[in-house]
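# Examination of the molecular architecture
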Amino acid sequence: MTGASPGDEQHAQAERLLQVWKIPTGWRYWSAVNNEAVGLWYIATSFFFFLFAGVLALLMRTQLAVPENELLSADLYGQTFTVHGSVMMFLFAIPMFEAIAVLLLPQMLGARDLPFPRLSAFGFWCFVLGGIFLCGSIFFDAAPRGGWFMYPPLTSGYQPGIGADIWLLGFSFIEVAAIAGAVEIVVGVLKCRPPGMRIHLMPLYAWYALVASAMVLFAFPPLIVGSLLLEVERAFGWPFFDPAGGGDPLLWQHLFWLFGHPEVYVIFLPSVALVAMIVPTFARRPILGYGWIVLSAIGTGFLSFGLWVHHMYTTGLPGISLGLFSAASTAVAIPTGVQFFCFLATLLMGRVTRSTPMLFVFGSLAIFVLGGLTGVMVALAPFDFQAHDTFFVVAHLHYALIGGAVFPIIAGFYYYFPLVSGKMLSDRLGKLAFWLMFIGFNVGFLPMHFTGLRGMPRRVYTYPAGLGFDGLNLVSTIGTFILGAGVAVLVWDLVRPRSRQPPAPRDPWSAGTLEWVQEMPGKPWGIRSIPQVDSRYPLWDQPNLVHDIDAGRFYLPDAEEGLRETLVTSAVDARPVLCQRLPGSSFLALAAALTTGGFFIFGTFHWWRPAVASLGAALAVILFWLWTGTARRPEKDEKDVGSGLKLPLYASGPASIGWWGMFITMLADLTAFVSLVFGYFFFWTIHDEFPPTPNPGPGVFWPGAAAAALLTSWGATVLARRWNRRDRAFGCHAALLGGAGVATAGGAALIAGPVVTGLDPASHAYPATVWLLVLWTATHVAIGVVMQLYCCARRLVGHMTAQHDADIHNVVLYWHFTILTVVITVAVIAGFPLLA
Amino acid sequence: MGNNVNRGWAAIGALVAGTSALVGCSGPQSTLDPAGRGAARIAELFWGMTAGAVAIWAAMIGLALYTVARRRTEPSPRAPALLIVGGGVVLPIVVLTGLLAWGLAALPPLLAASDSDRTIVVTGEQFWWRVRYLVPGGEAVELANELRLPVGEAVELQLESRDVIHSFWVPALGGKVDMIPGRRTRLTLEPTRTGVFRGVCAEYCGTSHARMAFAVVVSDEQEFARWLAQQAEPARPATEPLAVRGQELFVRSGCGACHTVRGTVADGVIAPNLTHVGGRLSVGAGLLASEPDGFQHWIAAPERLKPGSAMPSFAMLPADDLQALAAYLEGLE
Amino acid sequence: MTTEHQEQRESLWILTAAPAIWLSHFLLSYITGAIWCAKFAGSDGSLGAVRVAMAVYTSVALGGLALIGWRGRRRTSASPRGEAGASDRFLGHASLLLSGLAAVAILYASLVAVFIRSCR
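Residues numbered from 1 in each chain as written. Chains lettered and ligands numbered in written order. Predicted model: local features only at pLDDT ≥ 70, side-chain atom pairs only at ≥ 80, totals over all residues. Heavy atoms only, no water.

### Points about the overall build of chain C
From N to C terminus, chain C includes four helices and zero strands. Secondary structure elements of chain C occur, N-terminal to C-terminal, as α-α-α-α. What you see for chain C is a C-alpha radius of gyration of 19 Å, clearly larger than the 14 Å of a compact globule of 120 residues, by over 25%. Along the longest, intermediate and shortest principal axes, the C-alpha atoms of chain C span 60 × 25 × 15 Å. When the 120 residues of chain C are sorted by exposure, 43% land in the buried category. When contacts within chain C are restricted to residue pairs at least 6 apart in sequence, long-range pairs at least 24 apart make up 73% of them. On chain C, roughly 5700 Å² of surface is accessible, and the fraction owed to carbon and sulfur atoms is 67%. With 11 positive and 6 negative side-chain charges, chain C shows a separation of 14 Å between the mean positions of the two kinds. (Helix = DSSP H or I, 4+ residues; strand = E, 2+ residues; numbered from the N terminus. Rg over C-alpha atoms; globule rule 2.2 N^0.38 Å. Buried < 20%, exposed > 50% of the residue type's maximum accessible area, 1.4 Å probe, protein only. Contact = heavy atoms within 4.5 Å. Areas by Shrake-Rupley, 256 points an atom, 1.4 Å probe, with all protein chains shown as cover. Lys, Arg positive; Asp, Glu negative; His and termini not counted. Charge placed at Lys NZ, Arg CZ, Asp CG, Glu CD.)

See below:
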């Protein structure tokens with residue numbers, strides 16, 4: 001600091017930063033993309049959906065309080081439990097995880113924001129729109145009523161209303177948003193850490209969030225594909241699940257639970273991650289067994305993909321399948337358990353401070369451990385033959401999810417509330433809420449184990465008196481109302497006016513992790529300057545850290561160009577590699593969400609014209625968004641980010657975050673495609689002859705021609721990248737335009753196969769599956785063509801040059817995945833019939 | 001907090017004790033009051049696992065409370081390693097390996113075929129059960145919502161569905177198996193004592209899923225044989241004047257379009273076979289007692305009693321017609 | 001110091017290697033069993049060939065895990081002392097632990113072949 005008045009210089013820097021990161025006011029507030037704003041909206045909305053689904057739960061418990069009750073009709077009860085389960089899973093648990101991550105991750109990582117702020121905002125708006133559409137339906141007696149698992153044929157052939165369509169399209173829409181959020185979190189954790197925060201120094205929350213987001217990428221696509229199949233069967237009669245047309249209801253169950261079981265851990269892991277942040281603070285010592293906890297998160301994440309059939313033990317599968325899934329379901333208890341022993345060891349070796357967050361942590365432990373133990377019980381197929389689809393499972397899953405997710409999230413509320421509002425929540429109300437919730441929960445759900453074992457199945461709107469359920473059900477109802485009272489106390493504590501309450505001190509819990517650097521109340525810039533980190537608990541171990549951060553002594557203390565910036569670092573050792581410019585406030589995300597939502601919502605009512613128009617509008621908005629907001633050429637090549645470090649302002653290929661975003665998105669996309677291929681081979685296993693004889697098509701010629709054309713187009717795209725790099729403008733344009741032309745022909749040839757051979761998709765599962773594979777691939781090719789033309793245009797106007805070639809790198813990456821899709825599709829539809 | 005914690009745990013203890021007292025295990029639909037070999041095996045597994053689970057839970061919660069209550073004593077520096085590796089890794093592996101082996105060993109007997117050559121096909125339909133005893137070389141004996149089994153004999157049931165997915169479950173006899181359209185699943189039941197047990201549909205199958213129950217009557221071999229022979233007989237024509245009028249009404253109202261009464265013109269196949277309906281334990285799949293009142297209620301208001309049922313309402317019939325119909329059906333023993 | 005590119009290739013993906021071996025073993029065993037029972041043996045058939053296949057899968061998978069675990073261990077011990085090698089030591093340690101977990105899960109899966117002998 002050489003200036004005459006370092007104080008003035010610091011002040012001017014801070015002013016410029018504030019100006020750049022300012023959250024807009026007035027009606028433009030809703031154009032904000034800052035993680036503080038979007039994260040808060042996201043949390044508030046998902047908590048609202050939690051309350052809504054909770055009220056539905058109380059309605060159900062009231063209905064079941066006494067036998068033969070007539071409060072809810074059978075049909076309304078069906079809608080109630082369907083909406084309760086679906087909302088809790090899709091509109092509370094998963095969004096709450098992503099919401100908390102959007103809000104807290106940048107703080108924990110000392111980043112200014114997540115890498116794709118507008119994508120977070122887009123995800124949020126999709127979620128709000130889809131959520132309101134779904135929840136609203138129950139007020140019009142139009143809600144889905146097939147259970148949150150939506151098993152066909154009940155939901156395909158036996159429920160003609162729009163309820164099932166609302167579920168299938170509404171949730172697909174929300175799942176796409178959830179995948180967008182997951183891409184954001186993965187890239188954020190891997191590439192947006194502060195310098196020096198090497199992989200073994202990451203806060204445990206970041207590990208859990210990374211694993212859970214990666215799981216979302218592989219778990220959600222099967223459900224999206226399942227929903228696509230079911231919706232196509234409902235709308236157009238393609239018989240994927242109808243045995244009369246060669247379909248099989250079990251295919252849905254595989255796809256659904258391939259999503260459904262990992263989903264439970266997607267909910268559980270980020271919640272237990274909050275516990276992993278809270279425990280060291282109140283034990284007053286670093287966590288013990290950091291490596292074991294990472295093992296636990298990764299191990300659980302993987303094993304959870306080998307559990308899906310344990311929801312299908314009673315479907316008559318062979319014993320070997322039941323045994324294998326019993327084995328995996330038992331094994332998953334090991335990594336799940338070890339993290340709790342790490343927490344206990346930390347508490348044991350520390351000096352435990354009592355606090356409301358810790359109270360909820362202990363409550364969570366008591367409840368979750370029991371849920372985990374009953375989980376091991378139902379993991380064994382023989383016991384599950386009895387327990388499956390009874391109130392025993394209802395008790396088990398609520399112990400696992402309320403203990404494993406709701407209690408830790410509330411602990412997180414009490415712990416992190418000061419970061420959001422600058423004020424503390426009430427200790428007194430917190431304790432009251434805890435005891436009401438804890439006692440109410442156990443009174444409500446412990447008896448359900450016995451209710452189930454005495455023979456009460458799930459999803460019944462009433463039961464006859466005298467079978468031994470009456471007293472148990474009444475006790476359960478009383479308990480859930482006590483639980484509800486506890487939640488009401490919590491809500492009051494969250495929303496009560498606190499203008500006269502003094503602000504919380506900075507780092508009120510004396511925690512050691514980076515998010516607590518934040519001033520009270522927080523500033524929109526996230527952190528004044530991005531520090532060099534060399535400890536898991538920098539606030540405990542790095543002297544003067546807070547002071548130096550506030551004085552702007554670290555990286556990016558200024559915004560001299562008036563642009564939002566954050567650091568990008570290497571994935572393992574967190575060496576700074578790039579100064580990433582971030583987009584500011586914009587209504588584009590909202591517009592994109594509205595137009596995308598229009599497609600799904602109009603589609604629900606089968607209003608195809610507005611739906612297609614809306615899709616076209618969405619495409620236009622997204623193209624405009626990409627054109628104006630991504631891969632901008634900076635005004636200079638590099639800049640001084642502070643501490644004498646110069647970093648580039650532009651990167652392409654694997655060095656850029658956009659490339660990683662594309663790569664991760666395409667992994668999810670490929671997973672969806674693999675699920676579709678799985679459907680094809682699943683039909684092969686259940687049919688004696690598949691394809692049915694005589695071989696109906698699509699033959700070899702057209703798919704072969706398509707493959708040749710598309711391989712050419714892929715090659716042209718790769719060449720275009722090379723020629724662009726060598727600044728051969730004509731070659732680049734020619735390759736891209738030629739590639740687009742050949743790809744269009746290839747896509748047409750692909751579709752020609754089933755058309756020419758007269759495959760009728762409504763006639764049998766075989767043509768239906770072939771058609772869907774073809775359409776899936778053709779859609780990808782169409783998007784690929786748009787991308788080729790986009791690159792051409794970018795080069796023409798000079799947004800893309802030989803040095804600034806992020807666009808074509810990402811497009812080539814897209815084409816790598818697309819050509820893989822093409823090759824597999826052709827091998828399956830044209831090659832497999834030759835073998836079979 | 002310490003005091004509160006203790007009070008909290010005392011409350012939980014009282015709750016556990018209270019619930020156990022409240023429930024007991026018996027009941028016509030209880031998995032813990034087994035009357036079949038499969039159910040008994042699973043109940044044994046349950047009790048073993050429950051004992052283990054309670055012990056593990058208590059140990060973990062005890063440990064958690066100790067970390068809070070600990071005052072002066074410094075734990076040994078080796079405690080964390082012991083806790084994480086011993087408690088978090090070694091112990092679970094030992095316990096889970098044993099448990100998995102136990103569970104896997106229990107699986108084959110539960111899935112095994114029976115030696116019996118008796119074939120019973122049960123079909124789930126929204127919202128009732130079609131039960132057929134296949135007689136080699138003869139006509140199948142069909143009834144609805146009631147299954148009779150001889151004690152001590154393992155019988156394999158063939159399970160099917162005609163519409164949506166149902167799940168066949170008699171908790172007292174054994175586990176459940178789903179009935180899936182387009183597939184045929186199997187379940188072997190071996191009752192070990194006589195009695196009447198209640199079965200239900202366990203998979204959500206639509207609006208009146210809760211109203212899809214049936215009775216299982218387990219009797220000794222002779223009585224079972226006598227019952228089966230009697231079921232194979234055609235219906236006896238009505239003799240009492242009221243019942244005779246009921247029989248005419250039955251034909252006139254078109255009941256035979258859906259229902260069969262063997263030995264009469266009624267030969268519909270989409271609804272329950274009523275040939276010996278008067279001898280069954282319930283009307284409407286476990287809904288009402290098989291008495292004249294029960295029949296009358298059912299015929300007059302099926303939609304109210306069982307929403308979504310395919311049975312049309314006959315509320316437009318005058319009361320004495322309903323009485324006559326009920327008398328006829330009640331007489332079909 | 002390694003370059004960014006080498007770092008990506010050699011470091012972080014190693015954490016997924018052991019669980020991926022478990023996943024492949026698991027899916028292979030499941031698919032082999034399911035296809036055998038659905039297409040070849042019939043619903044009452046014997047499981048003979050599948051059990052042999054599972055034994056083969058298990059030995060190959062355990063061999064792979066031993067390799068990963070050994071490399072993880074070597075990485076832990078061979079990395080420079082102090083902060084410089086800390087992330088390497090961590091990744092080595094974590095991949096060793098993950099191979100242990102994957103090995104237990106694979107042994108659990110192979111236990112199934114001991115008890116289940118038919119397609120029922």
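Having seen the structure, we can now continue with the description.
### Some words on the pairing of strand β10 (residues 213-219) of chain B
All names here are of chain B. The buried count for β10 comes to seven of seven residues, which makes it a mostly enclosed element. Pairing of strand β4 (residues 146-150) with β10 involves five bridges; the strand directions are parallel. Across the sheet, the residue bridging to L147 is V216, located in β10. Across six bridges, the pairing between strand β9 (residues 195-201) and β10 is antiparallel. Across the sheet, the residue bridging to V196 is V217, located in β10. (Pairing = 2+ DSSP bridges.)

### Description of the interface of chain B and chain A
Across the contact, 94 residues belong to chain B and 92 residues belong to chain A. Summed over both partners, the interface of chain B with chain A buries about 7700 Å², with 74% contributed by carbon and sulfur atoms. In this assembly, chain B and chain A are joined by three salt bridges. Here D248(A) ties to R183(B) by a salt bridge, and the two come within 2.5 Å at their closest N and O atoms. Contributions of two or more residues to the side of chain B that touches chain A are made by α1 (2-23), α2 (37-69), α3 (79-111), β7 (177-179), β9 and α7 (302-305) of chain B. Sort the elements by how many residues they give to the side of chain B that touches chain A and α3(B) lands first, with 19 residues. (Buried area = accessible area lost by both parts, 1.4 Å probe. Salt bridge = Lys/Arg side-chain N within 4 Å of Asp/Glu carboxyl O.)

### Description of the pattern of salt bridges
Any two side chains of opposite charge can pair, on the condition that their charged atoms come close. Residues and elements named next belong to chain A. Inspection of the entire model under this criterion finds 40 salt bridges over all chains. For R795, the salt bridge goes to D727, with nearest N and O atoms at 2.7 Å. Taken together, the residues span a long stretch of sequence, with R795 in helix α24 (residues 765-797) and D727 in the loop between α22 (701-725) and α23 (729-756) at a distance of 68 residues. A relative accessible area of 11% places R795 in the buried class.

### Looking at the packing of aromatic side chains
Two numbers describe a pair of aromatic rings. These are the distance of the centres and the angle of the planes. If you walk through the whole model with that rule in mind, you get 97 aromatic pairs over all chains. Between F325(A) and F26(C), the ring centres sit 4.9 Å apart and the planes meet at 85 degrees, which makes this aromatic pair edge-to-face. Here the residue F325(A) occupies a position in helix α10 (residues 319-331), and F26(C) occupies one in helix α2 (residues 14-41), the pair thus bridging two chains. Taken individually, F325(A) and F26(C) each receive the classification buried, so the pair is uniform in this respect. Each member of the aromatic cluster is reached from another via a ring pair, and the members are F90(A), W148(A), W167(A), F171(A), F220(A), W238(A), F240(A), F241(A), W252(A), F256(A), W257(A) and F259(A). A cation sits over an aromatic face here: R794(A) above W627(A), 5.2 Å from the ring centre. (Phe/Tyr/Trp six-rings, centres within 6.5 Å; stacked < 30°, edge-to-face > 60°. Lys NZ or Arg CZ within 6 Å of the ring centre and 35° of its normal.)

### Concerning the state of the cysteines
For the coordinates displayed, the defined rule picks out one disulfide over all chains. Covalently, C37(C) is tied to C119(C) through a disulfide, its sulfur atoms 2.0 Å apart. A torsion of -80 degrees about the S-S bond marks the disulfide between C37(C) and C119(C) as left-handed. Of the two residues, C37(C) sits in helix α2 while C119(C) sits in the segment after α4 (86-115), which places them 82 residues apart along the sequence. One exposure class covers both C37(C) and C119(C), and it is buried. Note on C579(A): no disulfide assigned, nearest cysteine sulfur contributed by C192(A) at a separation of 11 Å. (Disulfide = S-S within 2.5 Å.)

### Topic: the environment of Y328(B)
Residues and elements named next belong to chain B. Within the secondary structure layout, Y328 lies in helix α8 (residues 319-331). Between the alpha carbons of Y328 and P237 there is a distance of 9.2 Å; along the sequence they are 91 residues apart. Y328 has contacts with A238, A243, G246, Q247, F250, V261 and T264, leaving out every residue within four places of it along the chain.

### Quick look at the side chain of S137(A)
Residues and elements named next belong to chain A. Summarising the element assignment, S137 is placed in helix α4 (residues 117-137). In this structure S137 comes out as buried when scored by relative accessible area, which is 5%. Only 2.6 Å separates the side chain of S137 from the backbone oxygen of L134, close enough to count as a polar contact. Not counting residues up to four positions away in its chain, the partners in contact with S137 are A142, A143, P144 and I166. (Polar contact = N/O pair within 3.5 Å; in protein donor to acceptor, adjacent residues only side chain to side chain.)

### Digging into helix α11 (residues 333-349) of chain A
Side chains that are three or four residues apart share a direction in an α-helix, a result of its 3.6 residues per turn. Look at α11(A): 25 Å from first C-alpha to last across 17 residues, which is about the 24 Å you get at 1.5 Å a residue. Burial runs high along α11(A): 14 of the 17 residues are buried. (Expected span 1.5 Å × (residues − 1).)

### Here we look at the sheet that holds strand β3 (residues 141-144) of chain B
Hydrogen bonds between backbone groups are what pair the strands of a sheet, and the pairing can be parallel or antiparallel. Residues and elements named next belong to chain B. Strands sit in the order β3-β2-β1-β5-β8 across an open sheet of five strands; the sheet is mixed. The sheet terminates laterally at β3 and β8 (185-189), the two strands that pair on one side only. Between one strand axis and the next, the sheet turns through 25 degrees on average, direction left out of account. In terms of strand pairing, strand β5 (residues 155-161) meets β8 through five bridges, oriented antiparallel. When the sheet's bridge partners are listed, Q158 is paired in β8 with R186. Where helix α4 (residues 221-232) meets the sheet, its contacts fall on β2 (128-134) and β3, and the angle it forms with β3 comes to roughly 95 degrees. (Axes fitted to C-alpha atoms, helices over the stretch in contact; angles between N-to-C directions.)

### Considerations on the domain arrangement of chain A
Segmentation of chain A into domains returns domain 1 (497-557) and domain 2 (653-835). Here domain 1 of chain A and domain 2 of chain A have C-alpha centroids that lie 48 Å from each other. (Domains from an automatic or database assignment.)

### Here's the deal with the pairing of strand β6 (residues 166-169) of chain B
Looking along a regular strand, one sees the side chains alternate between the two faces of the sheet. All names here are of chain B. Here β6 shows two buried faces, one formed by H166 and F168 and the other by S167 and W169. Two elements, β6 and β9, share two bridges in a ladder whose sense is antiparallel. Each bridged residue has a counterpart across the sheet, and for W169 the counterpart in β9 is V200.

### Description of the nonpolar core
Judged by nonpolar contacts, the single largest core of 409 residues is most densely connected at Y205(A), W207(A), F383(A) and F168(B). In terms of residues, this core owes the most to one element, helix α8 (residues 249-283) of chain A, which gives 23 residues. What F383(A) contacts, discounting residues up to four positions off in sequence, is M377(A), V378(A), F392(A), L453(A), I42(B), L45(B), F46(B) and M49(B). Judged by nonpolar contacts, the second largest core, of 24 residues, contains F250(B), F295(B), A324(B) and A326(B). (Core = buried A, V, L, I, M, F, W, Y, C linked by side-chain atoms within 4.5 Å.)

### A word on the interface of chain C and chain B
Each partner contributes to the interface: chain C provides nine residues, whereas chain B provides 16 residues. For the pair chain C and chain B, the summed buried area comes to about 1000 Å², and 66% of that belongs to carbon and sulfur atoms. We note a salt bridge from D44(C) to R186(B), for which the minimum N-O separation is 3.1 Å. Counting across the chain C and chain B interface gives six residue pairs in polar contact (both at pLDDT 80 or more). Partitioning the side of chain C that touches chain B into residue classes produces six nonpolar, one polar and two charged. (Nonpolar A, V, L, I, M, F, W, Y, C, P; charged D, E, K, R; others polar.)

### Some details on the environment of D242(A)
Residue and element names in this part refer to chain A. Residue placement: D242 occurs in the loop between α7 (204-236) and α8. Overall, D242 belongs to the partly exposed group, its relative accessible area being 31%. Remark: the alpha-carbon pair of D242 and Y416, spanning 174 residues in sequence, is separated by 50 Å. Within the structure, the side chain of D242 is placed 3.0 Å from the backbone nitrogen of A244, a separation counted as a polar contact.

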